[in-house]
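# Breakdown of the fold
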Amino acid sequence: SVGYFQLFRFATWRDKLMMVVGSLCALIHGSASPLMLLVYGMMTNTFVAYELEVQELKDPNKECINNTIHWTNGSIYETTDNTTVSCGVNIEAQMTMFAYYYIGIGLGVLIVSYFQIVFWVSAAARQTHKIRKTYFRKVMQMEIGWFDCNSVGELNTRISDDINKINNAIADQVSIFIERISTFVFGFMVGFIGGWKLTLVVIAVSPLIGIAAGLMAVARLTGRELTAYAKAGAVADEVLSSIRTVAAFGGEEKEAERYDRNLIEAQNWGVKKGSIIGVFQGYLWCIIFLCYALAFWYGSKLVIDTKELTPGSLIQVFFGVLMAAMNLGQASPCLEAFASGRAAAKNIFETIDREPEINCFSDGGHKLDKVKGDLEFHNITFFYPSRPDVKILDNLSMQIKAGETTAFVGPSGSGKSTTIQLIQRFYDPQEGMVSLDGHDIRTLNIQWLRSLIGIVEQEPVLFATTIAENIRYGRPGVTTEEIIQAAKEANAYNFIMALPQKFDTLVGEGGGQMSGGQKQRIAIARALIRNPRILLLDMATSALDNESEAVVQEALDNVRRTTISIAHRLSTIRNADVIVGFEHGCAVERGTHSELLEKQGVYFTLVTLQNQGSSNTANELSKSMARIAFIQICQQVTEDDPDEKEESAPVARILKYNQPEWPYMLLGSLGAAVNGSVNPVYAVLFSQILGTFAIQDLNQQRKEINGICILFCIVAVISFFSQFLQGYAFAKSGELLTRRLRKVGFQAMLRQEIGWFDDPRNSPGALTTRLATDASMVQGATGSQIGMIVNSLTNIGASFIIAFYFSWKLTLVIMCFLPLIGLSGMFQAKMLTGFANEDKKSMEEAGQVSSEALGNIRTIAGLAKERSFVESYEQKLELPYKSAKKRANIYGLCFGFAQCVIFMAYAASFRYGGYLVRVEGLPYMLVFRVISAVVISGTALGRASSFTPDYAKAKIAAAQFFRLLDRVPKISINHTDGKKWEMFKGKIEFLNCKFTYPTRPDIQVLSGLVVSVKPGQTLAFVGSSGCGKSTSVQLLERFYDPDEGQVLIDGHPSHTVNVPFLRSQIGIVSQEPVLFDCSIAENIQYGDNTRTVAMEEVVEAAKKAHLHDFVMGLPNKYETQVGAQGSQLSRGQKQRIAIARAIVRNPKILLLDEATSALDTESEQTVQSALDEARKGRTCIVIAHRLSTIQNADIIAVMSQGVVIEQGTHEKLMAKKGAYYKLVTTGAPIS
C-alpha cells in the first residue's frame, strides 16, 4: 500500500504550514492534562499541610507566630524528632492561585484544541477536494478499454468511499493521534519527575490493563454471529424463494419449525459472546482496581516510611501513569483510520498516475482542412483489453467510400459494432490501421475526429436533463430552430410536441421516462444536429415501428454523407450502396443486395432466415415493446409508493416479547446496579487515602491504608463477578428474544398472501436481511439498554447521595458544570463518529454527475463531451468543499469547548472548596470526595450516552417488525377460517373471472374467463405466453383472488373455502419444479405435511412416477441429497420427483403447469406416462406448449388475452378450423 506520508502528496506549502502548526497545537494540547496533574499535586500538598496545622492548633497551648508553631509561652514547639512544624497556610489565597492556574490551562486548551482541529480539518478538506478533482479528471481521460476492465460501480464507490477514507486518514484523526501520544509521553514524564520508583511499579502492571482493553476491542467484533445465523438464514432464503411451492403443499408450519431449529446455534453463539464480553469487562475493571490497591499501598509506604514522596507527588505519579496508559489505548483506533486510508489511496493514486493510452484531452494530432470521408481498414487485428484471448477482428481489410451508405451484416459477435468503435478511436487495433482520407487516425486530433462523427447506438443513452438539452449535446451552440429541425428529421417532433412540457420535458435517469422508440429518435436527432461527415448507425432503428422507421430512414438518406449502418432488419439494408458481410471478424463478402443474393453466402442465409421468420420478428418486436412499457410501469409503481414512515415502536411492546426471561433481566439489572455503584465507591476510597496522610499517629495511618487497599481488592473481585453477571444475563435474555422475534417474524411472513411477495420491497433477499438484522437490532432496545440505564442511574444516584451527604453546598456548585461536562462527553462521542453523514448528503449531487458520466462513458466520448462533465463535477464539488471548511470551525469550537470545560469545573469547585475548608472547617478529604464523585459520575454519564447501541435504530427496526406482525393477510391461511366439506368431488368452474396482478395493476391478465370442468375430467389450456393460463391455476390454488367474478369449487365460491383444506385437495407439478435442499425421500414426503408419510407410500408414489428404478440406481437410494434447488439432478428427474410429491398428496385435483416442457423426447415419454397414470380418477388441469401432450384431453380451451376463444375436444376443434387448427397444422410451438 501507499506510504503514509505519500497521502499528503497534494498538499501545497500552505497546507503543509497549516498541518505543522496544527501538530504543534496538538502537542501542546496533549501536555495540558499532565500539567494539570502538577497543579493537582501541589494542591493536595497544600490541603494536607493545612490539615496538619489545623490538627496541631487544636491544642489551646499552641499558636502560630512567623509561620512556625510556638507554645503560648513563646518557646518553639518541636516534635519528637526535633523538627519544627510550619504553619500559616493561607488556604484561600493558595486556592485562588490554583484556580487561576486551572483557568489558564483551560483557556490555553480551548485555543490550541480549536486551532489543532481547524488547521488539520481544513487542510485535509483542501487536499481531498484536490484529489477528487484530479481523480475524476483522470478517469474521464482514460481510454474506453480501461473502463472495460474496471466496473463503473467500483469506480463510483472509489470516488465516494475511498476518497473519504483518505480524508479520514489525513484529517482530525491525525491531530487527535498526536495529542494522545503527547499526553502519553508527558504523562510518563510527570510520573518520573514525581517519583521514579512508583512510576516503574505502575508501569509494570499497566500492560495488563492494555491487554484487557485490547481483548475488549476484539470481543466486540461480531463477524461470528452472522456465520452462526447463516444456516437459519439459508433456510429462510430457500423457503421464501420457493414460497409458492411451500404454500401449495401447506408446508408453512413445518418450515417455521425447521427455521427455529437452525436458530439455536445463533442463539448459543450470542450468549457465548455476551459472557465473553462480560468476562473481559470484569477482568478489565478487576485489574484496574487491583492496580489502584497496589499503587496506593506502595506509594503510601514511600510517603510514610522513606519520605521520598509527598502525598501530592503520589497522586501526580499515579494519575500521570494511568493517564498515559489510557491515552495510548485511545490512540490505537486512529491507527486503523490511517491503515484504511493508505489501502484506499493505493487504487486512487495508481489511477491518478496512469497515463491513458488514448488521451481525449490532448491537443496533439492534426486537424485536416478538408474532409471527404473515405475510410479504410488495413489488415486489422483486434481483441478487447478485457478479454485478450478472444480475437474479435482477424486481419480485416475493407474500404468505405465517401458519400456512400455501407451496411454491415452478419451474425452477432462477428465484429460489426467493434469496427464502428475503432472508427471512433475508442480503441486502437493491435495490428494494422484505420485511415481517414489516407491519414492514420492515430495521427489526428481525437476531439476533432470525434466531432466529425455522428453515432446512434442500438440502446441510446440519454442524459438526465431535458429533451432539448439532450439534442444540444450533439453540438455546442445550436439554436432552437436547428433543434426543432433535427427533431423533425428524426420524426421526433410530433411526439415531443404532444408532451405537456414539449422540448423541456425531463427524460429521467438514463432516459427512463421515454420508451425505446422515443429514446432512439432523440438520439438520432442528436446525431443529425452535429451535421456529421460520417454517420454511424448501430441498429439505429431497431426499436421503431415500420412507419416511423421509413420516415427516419428517408431523413438519413437525404444527405450525402459517409454512412455506415449495422442492421438486422433487411428493409433498412436493401437500399444501401454497398453491403458488407461479416463472419468471424473478417469481411467475407461485399456488393449490392442482388449481387450478394446470387453469391449465396452469409447475406443469403440471413435473408432466407428472415423471410421465413418475418411474421416472427414483428411478434418479437411487439414483445420487446411490451417489455419496455412494463419496465417503465414497474419503475413508476415503485417510485410513486409513499415512503413508509419511519416510526418507532413503543418499548413496552418489545419488552412484552421478552416477558418469559424476567429472571435473567432481574439478575442482569442487579449486576448493572452493582457496576454502577463501583465508581462512587472508588471516589470514597480515593479521598479516604488522601485523608490518611493527615493522621499524625503513623501506626494508625498504616492500619487505615492497609484497610483501604484491602477494600480496593474486594471491590475488584465484586466488580469482576457483577460485570460478568450483567453481560451474561442480558445476552441470554437478548438472544432468547432475538430468536423468538425471528421465529415470529418468519411465521408472519409465511402467513402473507402470495401477492405480498411480488412487491419488490418484499423480495426474498430483503426479507431474509430483515430477519437477520432487524431482530438482532431490536435486542439492542431491551437487554443491554436496560443494563446501561440501570448502570447509569445507580452511578448517578450513588454519586449524588455521597456528594450531598458530605457537603451539599459544594455539590450544588459543581452541579452547575454537570450539564456542560455531560454535553462535552456527548460532543466527543459525536465527534468521533465524525461528520461523515453530512458529507455524504452534500456529496450526493456530485455523485450523481460522476455516476452518470462513468455509466455512459462511451456516449460522452462519442460526443466529445468529457470536458463539460468534468467542469460540471468540479462545480458541484464547490458546495461540499465550502461547507467542509465552514464545518471545520464549528467542529473546532465544539472540540475546544468540550476539552476545556473540565478545567473550568475544577477551578471553580476547588476554589470554593478551599473557602469551605477555611470557613466551615470541612475536612479537605471531603472536598476531594465530593468533587471526584460528581465529576466521575458526569463523565460516566457522557460515556454511557455514547456506548448505548443505537437505540433509535433499534426502535425503528422494531416498528418495521411489528408492522409485519400486525399486517392482516388478504387471504388467511388459518385452519379455522372458511368452510370445509366431507365429500370433495373436484368440480371446478371459472365464472367471468377478471384479474390483474397487484404489482402491475394496469395490465389486465384475465378479462372474463369462463370455463368449467366436471370431476374426473381433464381440461387443457393452450395459448401464447402471457395469455393467462398459469394465472388461472394460481387463482384455483388461491394464491390470488380474482378482482371480479368467482372461482367455484364443488359449487362453493373459492374465497369462502378454508385455504389449507382447499390446497390439501390440490396437487401441482409446475414447469420449474422447486425442490428443497434435503433428501429425495423428504422431498416426496413434502407432498403431505399434515402427517408423516411412510416409506412404503413414498416408494409407491415413486413407482407411479417412473422414478423408482432411477433412485434405486443411486448409491444412497432415497437418502440421496438433491442439493440446493435440486441442482444435483437433471430436469427430468426433478420433474418426476415433483410428480411423486403430488401423488403422495393423493389430491382430488391435479394441476400440471407445462410439466413436460423442459424435457427431451425420451424423458418426456416417461414423464408423460407417469402423468397419465397420475391423472386416473382425478380432475386435471393441464397447461401445455406441445400439442402432442394434450390431444386426449376431455376439453381443450384455447386462450388469448385472458379469455377463452374456443373450446371443445381435439376432433371438434380440428373440424372447426379455427385457432387450434392453425396451431396444430403449422406445428408451431405456442409461446
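Structure: see above.
I will try to describe carefully the structure that is included in this document.

Cut-offs applied
- Residues numbered from 1 in each chain as written.
- Predicted model: local features only at pLDDT ≥ 70, side-chain atom pairs only at ≥ 80, totals over all residues.
- Heavy atoms only, no water.
- Helix = DSSP H or I, 4+ residues; strand = E, 2+ residues; numbered from the N terminus.
- Buried < 20%, exposed > 50% of the residue type's maximum accessible area, 1.4 Å probe, protein only.
- Contact = heavy atoms within 4.5 Å.
- Areas by Shrake-Rupley, 256 points an atom, 1.4 Å probe, with all protein chains shown as cover.
- Pairing = 2+ DSSP bridges.
- Core = buried A, V, L, I, M, F, W, Y, C linked by side-chain atoms within 4.5 Å.
- Axes fitted to C-alpha atoms, helices over the stretch in contact; angles between N-to-C directions.
- Salt bridge = Lys/Arg side-chain N within 4 Å of Asp/Glu carboxyl O.
- Phe/Tyr/Trp six-rings, centres within 6.5 Å; stacked < 30°, edge-to-face > 60°.
- Lys NZ or Arg CZ within 6 Å of the ring centre and 35° of its normal.
- Parallel < 35°, antiparallel > 145°, perpendicular 65-115°, else oblique.
- Left-handed = near helix turned anticlockwise from the far one by under 90°.
- Nonpolar A, V, L, I, M, F, W, Y, C, P; charged D, E, K, R; others polar.
- Expected span 1.5 Å × (residues − 1).
- Bend = angle between axes of the 7 residues up to and from the residue.
- Arc of directions from axis to C-beta.

### Digging into the overall build of the protein
Along the backbone of the protein there are 42 helices and 22 strands. Put simply, the protein has 1231 residues, and 53% of those count as buried. Contacts spanning at least 24 positions in sequence make up 79% of the contacts within the protein whose residues lie at least 6 apart. Element-wise, carbon and sulfur atoms account for 57% of the exposed surface of the protein, whose accessible area totals about 54200 Å².

### Concerning the sheet that holds strand β16 (residues 1044–1049)
If you trace the four strands from one edge of the open sheet to the other, you get β14-β13-β16-β17, paired in antiparallel fashion. Two strands in the sheet have a free side with no partner beyond their single neighbour: β14 (1004–1013) and β17 (1052–1053). The pairing of β16 with β17 spans two bridges and is classified as antiparallel. Opposite L1048, over in β17, you have P1053 as the bridge partner.

### Describing the nonpolar core
M140, F349, F377 and L436 are the most contacted members of the largest nonpolar core, which totals 95 residues. Top contributing element to this core by residue count: helix α2 (residues 91–141), with ten residues. If we skip the residues at most four places from it in the chain, L436 touches L368, V371, G373, D374, L375, I441, L444, L449, L452 and I534.

### A word on the sheet that holds strand β22 (residues 1203–1208)
The mixed open sheet is built from six strands, whose spatial order is β18-β19-β20-β15-β21-β22. Edge strands, defined here as strands with exactly one partner in the open sheet, are β18 (1066–1069) and β22. On average, adjacent strands in this sheet sit at an angle of 20° to one another, irrespective of strand direction. For β18 and strand β19 (residues 1149–1153), the ladder comprises four bridges, and the chain directions are parallel. In the strand pairing of β19, G1067 is matched with L1150. Across the sheet, helix α34 (residues 1029–1036) lies against β15 (1018–1023), β18, β19, β20 (1179–1183) and β21 (1195–1200), angled at about 150° from β20, the strand it touches most. Against the sheet, helix α39 (residues 1131–1144) engages β18 and β19, with an angle of about 180° to β18.

### Points about the environment of G251
By the element assignment, G251 lies in the loop between α8 (243–248) and α9 (252–304). In this structure, the C-alpha to C-alpha distance between G251 and G1087, residues 836 residues apart in sequence, is 8.8 Å. Beyond its immediate sequence surroundings of up to four residues, G251 is in contact with V246, Y1086 and N1089.

### Digging into the environment of N45
One can find N45 in helix α1 (residues 13–56). Relative accessible area serves as the criterion here: at 26%, N45 is assigned to the partly exposed category. Put simply, N45 and G312 are 267 residues apart on the chain and 5.0 Å apart in space, counted from C-alpha to C-alpha. Among all residues touching N45, those that are not within four sequence positions of it are T310, P311 and G312.

### A short note on the pattern of salt bridges
Counted according to the given criterion, the structure contains 22 salt bridges. The closest approach of N and O atoms between E355 and K138, which form a salt bridge, is 3.9 Å. Note that E355 is positioned in the loop between α10 (311–353) and β3 (375–382) and K138 in helix α2, a separation of 217 residues in sequence. For E355, a relative accessible area of 58% gives the class exposed. Its salt-bridge partner being E255, residue R258 comes within 3.0 Å of it at the nearest N-O pair. Of this pair, R258 and E255 both sit in helix α9, three residues apart, which is roughly one turn of the helix. Considered together, R258 and E255 belong to a single accessibility category, that of buried residues.

### Some remarks on the side chain of S175
Looking at the secondary structure, you find S175 in helix α5 (residues 172–194). Among residues more than four places away in sequence, those in contact with S175 are A26, Q116, I117 and W120.

### Re the packing of aromatic side chains
Applying the stated rule across the entire model yields 47 aromatic pairs. Put simply, the rings of W285, F289, Y292, F296, F318, F319, Y682, F686 and F712 pair up and form one aromatic cluster. When the ring centre of F349 is taken as reference, the NZ or CZ atom of R9 above it lies at 4.6 Å. The lysine or arginine in question, R929, covers the ring of F806, its NZ or CZ lying 4.7 Å from the ring centre.

### Brief notes about the packing of α5 against helix α31 (residues 866–920)
The N-to-C vectors of α5 and α31 enclose an angle of 20°; their axes lie 13 Å apart at closest approach. As the angle between them shows, α5 and α31 are arranged roughly parallel. Our pair here, α5 against α31, has a crossing hand that is right-handed. Each of D172, I176 and E179 in α5 lies in contact with α31, whose residues at this interface are Y891, F895 and Q899. Of the residues contributing to the contact of α5 with α31, the split by class is three nonpolar, one polar and two charged.

### Here's the deal with helix α26 (residues 764–779)
If you check α26, its first and last C-alpha atoms are 23 Å apart, about what 16 residues at 1.5 Å a residue would give, namely 22 Å. By the largest-angle criterion, R770 marks the main kink of α26, which is about 25°. Buried residues of α26: L767, T768, L771, A772, D774, A775, V778 and Q779, and no others.

### Notes on helix α37 (residues 1095–1104)
For α37, the set of buried residues is V1098, V1099, A1101 and A1102. On an axial view of α37, the arc spanned by its buried residues comes to 165°, and they lie on one face. In the core, the buried residues of α37 are packed alongside α36 (1080–1085), α38 (1108–1112) and α39. The first or second residue beyond α37 is H1106, which carries a positive phi of 55°.

### Regarding the packing of α2 against helix α4 (residues 152–170)
At their nearest, the axes of α2 and α4 sit 9 Å apart, and the two run at 155° to each other. Between α2 and α4, the interaxial angle falls into the category roughly antiparallel. As for how α2 packs across α4, the hand of that crossing is right-handed. Within the contact between the two elements, α2 uses W120, A124, A125, Q127, T128, I131, R132, Y135, F136 and V139 and α4 uses L155, R158, I159, S160, I163, N164, I166, N167 and I170. Considered class by class, the residues forming the contact of α2 with α4 number twelve nonpolar, five polar and two charged.

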